[in-house]
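An overview of the molecular structure
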Amino acid sequence: MALEERMYHALIVSRSENFKKEIGSLLTVERFRKDYADSASEARRKLLERSFDFVIISAPLTDEFGSRLGVDISGTPGSIAVLFVTSDVYEEIVHKASPHGVFIIKTPASRSVVIRSMDLLISARERLRAVEKKAGKAQSKIEEIRVVNKAKWFLIDNENMGENEAHKYIEKVAMDAGITKKQAAQMIIEKYS
């Protein structure tokens, strides 16, 4: 498998223009598309409009501290929440937010620490992407089985076929028509519905 450069989408949430500028400068245009928000409510609106690989939050925000936003983001598929907090609240926030999947970085943090952290977070995002892909395939297979089973029951009830015979019939319809078993099953379901 060839190594590919992937483009990541990052939302930087902070009331500080300086933080947005500093973090934005570390996220190179070759690897990141960046968007910005000043508050948790603005970030939530942007998250409804599109998905982000990373949501980078500098606490506190204007309308909440930021840990609740991080936890909410970690509960949704596909996004990694990163929360920057000051050293005086770091231990408390780590104990509250880390168990929910929020990555916590103590400030002040040097540029090199932030860059190394982002490299690690990119690795975590890719692992998450692989898990999401496997889960999607499994969900698709489960849906196919559900539809095929429903079609088999229609054939058993309406054509007096046995289960094996109904299954073979669906496979034959799919092969003859050059379609998937799920598509063949959907045609059978529509015929008898």
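Below or above, wherever it landed, is the structure these notes cover. Computed from a prediction, not measured in an experiment: that's the story for all the values here.

For helix 2 (residues 40–49), every residue scored as buried is listed here: Ala40, Ala43 and Lys46. One side of helix 2 holds all its buried residues, which, seen down the axis, span an arc of 120 degrees. Turned more than 90 degrees off the buried face of helix 2, the exposed positions are Leu48 and Glu49. Buried positions along helix 2 lie against strand 1 (8–13), strand 2 (32–37) and helix 3 (67–74).

For the rest of this paragraph, the subject is a positive patch on the surface. Judged by side-chain charge, Arg127, Lys133, Lys134 and Lys137 come together as a positively charged surface patch. With respect to the secondary-structure elements, Lys137 resides in helix 5 (residues 111–159).

With that out of the way, let us pick up the nonpolar core. Counting residues in each nonpolar core, the largest one holds 22 residues, and the members touching the most others are Val13, Ile57, Leu69, Leu83 and Ile104. With residues up to four places along the chain from it excluded, the contact list for Leu83 reads Ile57, Ala59, Gly66, Ser67, Ile93, Val102, Phe103, Ile104 and Ile105.

Now for the layout of surface pockets. In this model, the second largest pocket occupies a volume close to 180 Å³. Arg44, Leu47, Leu48, Arg50, Ser51, Phe52, Leu69, Asp72, Ile73, Thr76, Pro77 and Ser79 together form the lining of the second largest pocket. Counting only elements with at least two residues in the lining of the second largest pocket, the list comes to helix 2 and helix 3. Classifying every residue of the lining of the second largest pocket by side-chain character gives six nonpolar, three polar and three charged.

Here is what the cut-offs are and how they apply
Residues numbered from 1 in each chain as written. Predicted model: local features only at pLDDT ≥ 70, side-chain atom pairs only at ≥ 80, totals over all residues. Heavy atoms only, no water. Buried < 20%, exposed > 50% of the residue type's maximum accessible area, 1.4 Å probe, protein only. Helix = DSSP H or I, 4+ residues; strand = E, 2+ residues; numbered from the N terminus. Arc of directions from axis to C-beta. Contact = heavy atoms within 4.5 Å. Patch = residues over 30% accessible without salt bridge, like charges linked within 9 Å, V, L, I, M, F, W, Y side chains within 5 Å. Areas by Shrake-Rupley, 256 points an atom, 1.4 Å probe, with all protein chains shown as cover. Salt bridge = Lys/Arg side-chain N within 4 Å of Asp/Glu carboxyl O. Lys, Arg positive; Asp, Glu negative; His and termini not counted. Charge placed at Lys NZ, Arg CZ, Asp CG, Glu CD. Core = buried A, V, L, I, M, F, W, Y, C linked by side-chain atoms within 4.5 Å. 1 Å grid on protein atoms, 1.4 Å probe; cavity = no way out; pocket = protein on both sides within 12 Å on 5 of 7 lines; lining within 4 Å. Points joined across faces, edges and corners; volume = space filled by probe spheres on them. Nonpolar A, V, L, I, M, F, W, Y, C, P; charged D, E, K, R; others polar.

Purely geometric stuff here, so don't read any function into it on its own.
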